[in-house]
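Analysis of the macromolecular model
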Amino acid sequence: MLELVVLISGAGSNLRALLRAAQDAEYPARVVAIGADRDAEGLALGEEFSIPTFQVSYGNFAGRASWGAALADQIRPWTPDLLVLSGFMRLLPHDVVAEFGPHIINTHPAYLPEFPGAHAVRDAIAAGVTETGASVIVVDDGVDSGPILVQERIPVEPHDSESTLHDRIKHVERRLLIQTVLDIANGTVDLKEATRA
Ligand code: GAR
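Residues numbered from 1 in each chain as written. Predicted model: local features only at pLDDT ≥ 70, side-chain atom pairs only at ≥ 80, totals over all residues. Heavy atoms only, no water.

Some thoughts on the nonpolar core
Leu4, Val31, Ile34, Leu82, Ile105 and Val181 are the most contacted members of the largest nonpolar core, which totals 38 residues. Counting residues per element, the ones that place at least two in this core are strand E1 (2-8), helix H1 (13-22), strand E2 (29-36), strand E4 (82-85), strand E6 (131-138), helix H6 (162-185) and helix H7 (191-196). If you tally residues by element for this core, the top one is H6, at seven residues. When sequence neighbours within four positions are dropped, the list of residues in contact with Val31 reads Leu4, Val6, Leu15, Leu18, Leu19 and Ile51. (Core = buried A, V, L, I, M, F, W, Y, C linked by side-chain atoms within 4.5 Å. Buried < 20%, exposed > 50% of the residue type's maximum accessible area, 1.4 Å probe, protein only. Helix = DSSP H or I, 4+ residues; strand = E, 2+ residues; numbered from the N terminus. Contact = heavy atoms within 4.5 Å.)

Things to note about the site of the ligand
What surrounds the ligand is a group of 15 residues, the closest being Gly12, Ser13, His166, Lys170 and Glu173. Within the side chain of His108, one N or O atom sits 3.3 Å away from a nitrogen atom of the ligand. For the ligand, the protein covers 93% of the area, taking 460 Å² as the surface of the free molecule. Where the shell around the ligand is concerned, the elements lending two or more residues are H1, strand E5 (104-108) and H6. Top element by residues in the shell around the ligand is H6. It accounts for three residues. (Near = heavy atom within 4 Å. Polar contact = N/O pair within 3.5 Å; in protein donor to acceptor, adjacent residues only side chain to side chain. Areas by Shrake-Rupley, 256 points an atom, 1.4 Å probe, with all protein chains shown as cover.)

Some points on the packing of H1 against H6
When two helices pack together, you describe them by how their axes are tilted relative to each other and by the distance separating the axes. As a packed pair, H1 and H6 sit with axes 9 Å apart at the nearest point and diverge in direction by 45°. In terms of their interaxial angle, H1 and H6 are classed as oblique. Every pair of crossing elements has a handedness; the one defined by H1 and H6 is right-handed. Contacts between H1 and H6 involve Ser13, Asn14, Ala17, Leu18 and Ala21 from the former and Lys170, Glu173, Arg174, Leu177, Ile178 and Val181 from the latter. (Axes fitted to C-alpha atoms, helices over the stretch in contact; angles between N-to-C directions. Parallel < 35°, antiparallel > 145°, perpendicular 65-115°, else oblique. Left-handed = near helix turned anticlockwise from the far one by under 90°.)

Quick notes on the pattern of salt bridges
Proximity of charged atoms lets side chains of opposite charge pair with each other. Applying the stated rule across the entire model yields ten salt bridges. Between Glu114 and Arg153 there is a salt bridge whose closest N-O contact spans 2.8 Å. Taken together, the residues Glu114 in the loop between E5 and helix H5 (120-127) and Arg153 in strand E7 (residues 148-155) connect sequence positions 39 residues apart. On the basis of relative accessible area, Arg153 is assigned to the partly exposed category, the value being 32%. Taken together, the shared-partner salt bridges connect Asp37, Arg38 and Arg90 into one network. (Salt bridge = Lys/Arg side-chain N within 4 Å of Asp/Glu carboxyl O.)

Structure (C-alpha cells):
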C-alpha cells in the first residue's frame, strides 16, 4: 500500500477525487496526511475523510529556506512513499526536493512544457490557443520543469472562460492523477527511472 502525503493550497477538488478513489479497498494507495502552505479550503477534507492535516504558512517564516525546513519537518514523520502536489502553489525549496525526490509528483493544468507556472489556464486563454491540456510530472527544482509522466490534450472552446476551461481540465487531471498513483503503486511507472531518462 502506497502511503501519500498530499500538499494543497486551494479548494482541493483534485485531492477529493483521489480520496474517493482511495476509499476503494482495491486501490493501492492511501492518503496519510494533508498539508497546506496557507489556510486552504481543502484542509476541511481532513475532517471529512478523517485524515490528519498540517499547515505551514509561508508568511510565518523569514524566507523560503526556513519555510521549507518547517514543511519538511511536518512531512517527515509520515514517512510517505509519495508526496503529491495537488494544487500546491509554491515552489518547493531545493532541500525539500532533495529529501523527498524523486518521489514527488505534481499535477498541472496545461500540456507542459506549454504554460508553466501559477496561471496556466489564464495564460492559455490569453495566448489564443485552440487546445491546452493536463500533465502529471515529477517535481524537480524548476517551475513545472520535471519529467512528464503523463499528459493529455484538451480543446479550448471559443466561449471558454478561465473557469469553464479549468473545470474541464480538472476532470482530466483527476483521472490522470488517480491513474498515475495507481501506476506508481503497481510499478508500471518508476519515478527513479523517469528521472534518469
Ligand atoms: C489544479 O488544476 C492544479 O493542476 C493546479 O491548481 C488546481 C488545483 O485545484 N495547480 C497548478 O496550477 C500548479 N502550478 P483544486 O485545489 O481544486 O484541486
